[in-house]
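# What the coordinates show
So the chains spell out like this:
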Amino acid sequence: MFYKKNLAYDLVIFGAKGDLSNRKLIPSLYQLEISEKICKNTRIIGVGRAEWNRKEYIKIVKHSIKKFFKKKINKKVWKQFKSRLYFCNIDVNKISNFYKLKKILSKKKKIIHYFAMPQNTFGKICKGLGKYHFNSSQDRVILEKPIGNSLKTSKEINNKVGKYFTEKQIFRIDHYLGKETILNLIALKFYNSIFFNNWNKKTIDHIQITVAEKIGIEGRWGYFDKIGQTRDMIQNHLLQILSIIAMSPPQDLKTQTIRKEKLKILKSLRKIDYKNIDLLTVRGQYSEGFLNNKKMPGYINEIGAIKTSQTETFVAIKVNIDSPEWIGVPFYLRTGKRLPIKHSEIAIYFKPMNNHIIRKDMKNIPLNKIVIRLQPNEGIDIFLVNKIPGLDSNYKLKEIKLPFDYKKSFKNLRLCDSYERLLLECSLGIQSLFVSRKEIEASWEWIDSIINSWIKNKSKLELYQAGTWGPESSEKMLRNDHRNWNNIVS
Ligand code: BG6
């Protein structure tokens, strides 16, 4: 049964022809249909410049489901899903075109507008919607990232959207917030006393967050080159993960309370500027290399590339949080394209043991650590030190791993796609998994300083071979602190 609260709505997808819509939104909506989470009179209205009629749009949608949903289409489910689909031909640059929505949309139902389009269109779309009054207080708008590429531009976009929609109506997507393993961070930290009581600077030595991608630029070189990995991944996904990992227990799980706690962390990030940038950051770009024994071109040899590009495809940052809870505990972030495998994780290292029964020859006891595997192979590994069994009277120790695997422990349960969850939450009006304007602006403020300092210092862009874990300086940054990146086995 669909959620009782979830009354029928009209979902308008701006950018219906685009990659996001076909690869993510349509398959997620179809899955929601299978799970009976969309109620009866809900409709999906694709919007785009294409001259499609309804029949043609239905054909396109079916094709996307076949291609990206990857399971056999169920006739009954498809029949129901198909009946929800409509198409409206609109060029968002022509404000009068928005009139056409009047013929389709019902003012009685709430309307959710999904902006799956470049950020420079957000203002225009809002203007069109405003002109024909598709922004009444029950209507909502979902904004895809990136929202701006600096604090200034993000404010400009937020202001434009803010003219027509209030904060309560605006849902800013960071799809990482919809991932099951990120949602589980709250359960892990706040519902387990062994973690709750030890999640602090007294017991934690440092935390590593890695988001490794195997893919390269996937045909969007021109777009990516203006952005780079720092704006594309750190400003949103990695800072959001960091803020959840580091936030203090909220008083409740209401949207405003969670947002407040996350914001406190984002505002406490110690500024990185031209004086310390070269110590605290590493920026790299992939060169030609091998992945799964296949030769990969370098970033500047990809289709459409400009040979002189200085854009980073890898970044590693040592982050300090100036809050009483975390002072002295570094967070190391790294993310890159064309790394050996797709793998995201959080590795939490606990402080070294220090007590009188530790013998001198036991000096190198490995640190206890929790590795939260965000994707793929979702799970958690806890690393402990164990006595090696045997008759030896001296304790001999070995690091052992206690693995938890989602697939094994929740055999009959499916891990939902993040868009599925986020679309559902928005339809229910729950904003806690969406990013607030203040969070976005605090993140940009911190990121701006890093990017401006790289420019000011003419910081080195280091090459790394495709299929490796980034430039050597990234390893060196941790070695300088007598640490190493968690060994991720390819
Ligand atoms: C997007 C970035 O937000 O996240 C992409 O724009 C990146 O460059 C993608 O590849 C990674 O998402 P996921 O869910 O595959 O880790």
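Our subject is the structure listed above.
The paragraphs below set out a description of the structure included in this document.

Rules used in this analysis
- Residues numbered from 1 in each chain as written.
- Predicted model: local features only at pLDDT ≥ 70, side-chain atom pairs only at ≥ 80, totals over all residues.
- Heavy atoms only, no water.
- Helix = DSSP H or I, 4+ residues; strand = E, 2+ residues; numbered from the N terminus.
- Rg over C-alpha atoms; globule rule 2.2 N^0.38 Å.
- Buried < 20%, exposed > 50% of the residue type's maximum accessible area, 1.4 Å probe, protein only.
- Contact = heavy atoms within 4.5 Å.
- Pairing = 2+ DSSP bridges.
- Axes fitted to C-alpha atoms, helices over the stretch in contact; angles between N-to-C directions.
- Salt bridge = Lys/Arg side-chain N within 4 Å of Asp/Glu carboxyl O.
- Near = heavy atom within 4 Å.
- Polar contact = N/O pair within 3.5 Å; in protein donor to acceptor, adjacent residues only side chain to side chain.
- Areas by Shrake-Rupley, 256 points an atom, 1.4 Å probe, with all protein chains shown as cover.
- Nonpolar A, V, L, I, M, F, W, Y, C, P; charged D, E, K, R; others polar.

## Thoughts on the overall build of the protein chain
Across its full length, the protein chain holds 14 helices and 17 strands. In terms of overall dimensions, the protein chain is globule-like: its C-alpha atoms have a radius of gyration of 24 Å, near the 23 Å expected for 490 residues. The principal-axis extent of the C-alpha atoms belonging to the protein chain is close to 80 × 50 × 45 Å. Relative to its 490 residues, the protein chain shows a buried fraction of 55%. In the protein chain, the proportion of contacts linking residues at least 24 apart, taken out of those at least 6 apart, comes to 77%.

## Overview of the sheet that holds strand β4 (residues 110–115)
Two modes of strand pairing occur in sheets, parallel and antiparallel, and in both the strands are linked by backbone hydrogen bonds. Ordered by their spatial adjacency, 6 strands build an open sheet running β3-β2-β1-β4-β5-β6, and the pairing between neighbours is parallel. Two strands close off the open sheet at either side, each with one partner strand: β3 (85–89) and β6 (170–172). Mean inter-strand twist for the sheet, computed between neighbouring axes without regard to direction, equals 20 degrees. Bridge count between strand β2 (residues 43–48) and β3: 5 bridges; the pairing is parallel. Its bridge partner being in β3, isoleucine 44 is matched across the sheet by leucine 85. Docked against the sheet, helix α1 (residues 19–34) engages β1 (9–14), β2 and β4, running at close to 165 degrees with respect to β1.

## Some thoughts on the environment of lysine 360
If you trace the backbone, lysine 360 turns up in the loop between β13 (343–350) and β14 (369–375). Residue classification places lysine 360 among the exposed residues on the basis of a relative accessible area of 75%. Along the backbone, lysine 360 and histidine 237 are 123 residues apart, and their C-alpha atoms lie at a distance of 43 Å.

## Examining the pattern of salt bridges
Where charged atoms from two side chains of opposite charge approach closely, those side chains can pair. Counting across every chain of the model gives 28 salt bridges. Across the salt bridge formed by aspartate 10 and arginine 43, the nearest N and O atoms sit 2.8 Å from each other. Of this pair, aspartate 10 sits in strand β1 while arginine 43 is found in strand β2, placing the two residues 33 residues apart along the sequence. The salt bridge involving glutamate 441 is made with arginine 437; its shortest N-O contact spans 2.7 Å. Residue glutamate 441 and its partner arginine 437 are located together in helix α13 (residues 437–457), separated by 4 residues, close to a single helical turn.

## Structural notes on the site of the ligand
The full set close to the ligand counts 13 residues, and Tyr176, Lys179, Glu213, Arg220 and Asp232 are the nearest of them. Here an oxygen atom of the ligand sits 2.7 Å away from a polar atom, N or O, in the side chain of lysine 179. At a separation of 3.0 Å, an oxygen atom of the ligand approaches a polar side-chain atom of lysine 337. Burial of the ligand by the surrounding chains reaches 80%, relative to a free accessible area of 400 Å². It is helix α8 (residues 221–246) that contributes the most residues to the shell around the ligand, 3 residues altogether. Within the shell around the ligand, the residues separate by chemical class into 3 nonpolar, 3 polar and 7 charged.

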